[in-house]
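The residues making up each chain are set out below.
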Amino acid sequence: MSSRREFVKKTILTSSLILPFKFSASGNGFDKTTDFQPLILSTWNHGLAANEKAWEVLESSGDIVSAVEQGVMVTESDLSNLTVGLQGLPDREGIVTLDAAIMRGDGGCGTVSFVRQVMHPISLARKVMEETPHVMLSGEGARQFAIEQGLEVLPEKLSPEAEKAYKEWKQKSEYKPIINIENHDTIGMIGMDTSGKLAGSCTTSGLAFKMHGRVGDSPIIGAGLFVDEEVGAATATGLGESIIRICGSFLIVELMRQGWEPQKACEEAVKRLIAKNKNIEDIQAGFIAMNKDGEYGAYSVHPGFNFARHTKGENILIDSKSKFK
Ligand code: SD4
């Protein structure tokens, strides 16, 4: 068969695999009959409010990158959230340092790590992606870049809740890099628009009372977040060290590339994580993933992980299944 005919055949085959939906919607950004179901997923119950915003942005602008950026900005601004944004819990020196990443399905990505005083690290990550030739900026350089770009930079001050928690922690100053098996963690968001474009974002104040300088999985492309337009997207939450060790989000996307369903791919990543980490009883980690067929999955090491799913007309919280019961 000529290579052109092979190409045409492959294209038709691929198209029938990845374009199963005809989505007819009304409303600004979704005004036409399209091939893909828009879908937004994000980690934990704070994902509900974030999804709400992301959906609104997607509907009005049609821009999935702005949707995943502005969605998680809601969580970064939420003063009651102690794991994302400047109000989050500090490191063991009493300093809040933030990590964030954003990625498009075409491989474009930007991340920031160990950054202080920046109100919206996710917007700074987007600036790194769009305004620099680099992927990651860290620490003081990242903060200076935020100032240069006119982003909001605040005086360094712990939120009252964070200060209280820090004082309590200091009484023992026990250094235990353990993630509680609880709700309200980092936010990771992945989304697809009506044209099949994908994007993802992830933002966190990281592990509470971590060593100064410690960076988790969230700003590491492939660990806390990975997006590939040809396949799908995945993001992670939980103990960053355990997720980095297995390159969790990349692993899930690569498994989906080989034909695994998102759910099975998340389960396999958790299985791998359990195999590669000691003291698993003290480690919580969870993943969410979607493919271009609009299928999605989630899985965690321990129970308690949940995620928010926004489809057309519905934004709901779903409990993830877990390896241990
Ligand atoms: C980290 N995965 O820094 C992130 C944060 C997290 O509770 O999920 N923290 O390890």
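The preceding data block contains the structure.
Throughout what follows, the structure given in this document is the object of discussion. (Residues numbered from 1 in each chain as written. Predicted model: local features only at pLDDT ≥ 70, side-chain atom pairs only at ≥ 80, totals over all residues. Heavy atoms only, no water.)

Next up on the list: the site of the ligand. The environment of the ligand is formed by 14 residues, the closest being Asp185, Thr186, Arg214, Asp217 and Gly238. At 2.7 Å, a side-chain N or O of arginine 214 approaches an oxygen atom of the ligand. Residue glycine 240 places a main-chain N or O atom 2.8 Å away from an oxygen atom belonging to the ligand. For the ligand, whose accessible area on its own is 290 Å², the fraction buried by protein is 97%. For the shell around the ligand, the per-class residue count stands at three nonpolar, eight polar and three charged. (Near = heavy atom within 4 Å. Polar contact = N/O pair within 3.5 Å; in protein donor to acceptor, adjacent residues only side chain to side chain. Areas by Shrake-Rupley, 256 points an atom, 1.4 Å probe, with all protein chains shown as cover. Nonpolar A, V, L, I, M, F, W, Y, C, P; charged D, E, K, R; others polar.)

Let us now look at the pairing of strand β14 (residues 314–319). Examined bridge by bridge, strand β13 (residues 306–311) and β14 share six bridges and lie antiparallel to one another. Bridge pairing in β14 links histidine 310 to asparagine 315. Counting the residues that bridge the hairpin from β13 to β14 gives two residues, and of these glycine 313 lies at a positive phi of roughly 80 degrees. (Pairing = 2+ DSSP bridges. Helix = DSSP H or I, 4+ residues; strand = E, 2+ residues; numbered from the N terminus.)

On to unusual backbone geometry. With a phi close to 60 degrees, phenylalanine 209 is a non-glycine residue in the positive phi region. Take phenylalanine 209: it is sitting in the loop between β8 (198–204) and β9 (225–228). With relative accessibility at 13%, the residue phenylalanine 209 sits in the buried group. (Buried < 20%, exposed > 50% of the residue type's maximum accessible area, 1.4 Å probe, protein only.)

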